[in-house]
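Given next are the chains, with one letter for each unit.
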Amino acid sequence: MKQPDSSLQANDNVTQAKNSLGKLHFSVSQALSHPTEQTLAQAENRLAHTEQAIQQAQDWLGPQGVELAEELLTEDKSRLASLNKQGKRSVR
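Everything in this summary refers to the structure shown in the same document. (Residues numbered from 1 in each chain as written. Predicted model: local features only at pLDDT ≥ 70, side-chain atom pairs only at ≥ 80, totals over all residues. Heavy atoms only, no water.)

### Brief notes about the overall build of the chain
Basically, it comes down to this: Helix and strand labels come from DSSP, where a helix needs a run of H or I of at least four residues and a strand needs a run of E of at least two; each type is numbered from the N terminus. Here's how the labels work: a residue is buried when its accessible area is under 20% of the maximum for its type, exposed when over 50%, partly exposed in between, all with a 1.4 Å probe on protein chains only. Contacts are residue-level and defined by heavy atoms, with any inter-residue pair within 4.5 Å sufficient. Residue burial considers only the protein chains on display, and all accessible areas are found by Shrake-Rupley using a 1.4 Å probe.
Looking only at helices and strands, the chain features three helices and zero strands. Starting at the N terminus, the α and β elements of the chain follow one another as α-α-α. By residue count, 33% of the 92 residues in the chain fall in the buried class. A separation of at least 24 residues holds for 73% of the contacts in the chain among residues at least 6 apart in sequence. For the chain, the exposed surface amounts to about 6200 Å²; the carbon and sulfur share of it is 51%.

### Description of the pattern of salt bridges
The condition is simple: Throughout this description, the term salt bridge denotes a Lys or Arg side-chain nitrogen within 4 Å of a carboxyl oxygen of Asp or Glu.
Under the counting rule described, the total for this entry stands at two salt bridges. Where D76 meets R79, a salt bridge forms, and the shortest distance between an N and an O atom there is 2.6 Å. Taken as a pair, D76 and R79 lie in helix α3 (residues 67-87) at a separation of three residues, close to a single helical turn.

### With respect to the nonpolar core
How we decide: In this description, a nonpolar core means a group of buried Ala, Val, Leu, Ile, Met, Phe, Trp, Tyr and Cys residues linked to one another through side-chain atoms lying within 4.5 Å.
Judged by nonpolar contacts, the single largest core of 16 residues is most densely connected at I54, L73 and L80. Among the secondary structure elements, those contributing two or more residues to this core are α1 (6-33), α2 (37-61) and α3. Of all the elements, α2 adds the most residues to this core, at six residues. Ignoring sequence-local partners within four residues, the contact set of I54 consists of A17, L21, V66, A69, E70 and L73.

### Some words on the side chain of S20
Residue placement: S20 occurs in helix α1. With residues near it in sequence (within four places) discarded, S20 still touches R46, H49, T50 and A53.

### Looking at the environment of E75
By the secondary structure assignment, E75 is in helix α3. Owing to a relative accessible area of 46%, E75 belongs among the partly exposed residues under this scheme. When the C-alpha positions of E75 and H25 are compared, they lie 9.2 Å apart, and in sequence the two are 50 residues distant.

### A short note on a nonpolar patch on the surface
Basically, it comes down to this: Exposure above 30% relative accessible area and no salt bridge define the residues that can form patches, which grow by joining like charges within 9 Å and nonpolar side chains of Val, Leu, Ile, Met, Phe, Trp and Tyr within 5 Å.
Among the surface-exposed residues, V14, W60 and L61 lie close enough to one another that they form a single nonpolar patch of about 220 Å² accessible area. Note that L61 resides in helix α2. You can call L61 partly exposed: its relative accessible area is 36%.

What follows is the structure, given as structure tokens:
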């Protein structure tokens, strides 16, 4: 049985996942528009953090509770992967 504050914990995990997705999207957009080693590294770090935040939210809510978050994560992972494929040669 979950503790009485479990809904607060779930809301906190959802909020963290949501915030993390926003930061990831911004970070990937920065890397796409200014592909440097630093922006790529920041986007990769943000990706790892976002994956962890979504996993924590999923642990509390179950897979149906984070479907949209996972779709957004997949989209930004794809954007970052395409940048990594094309940008390795042109990164300043």
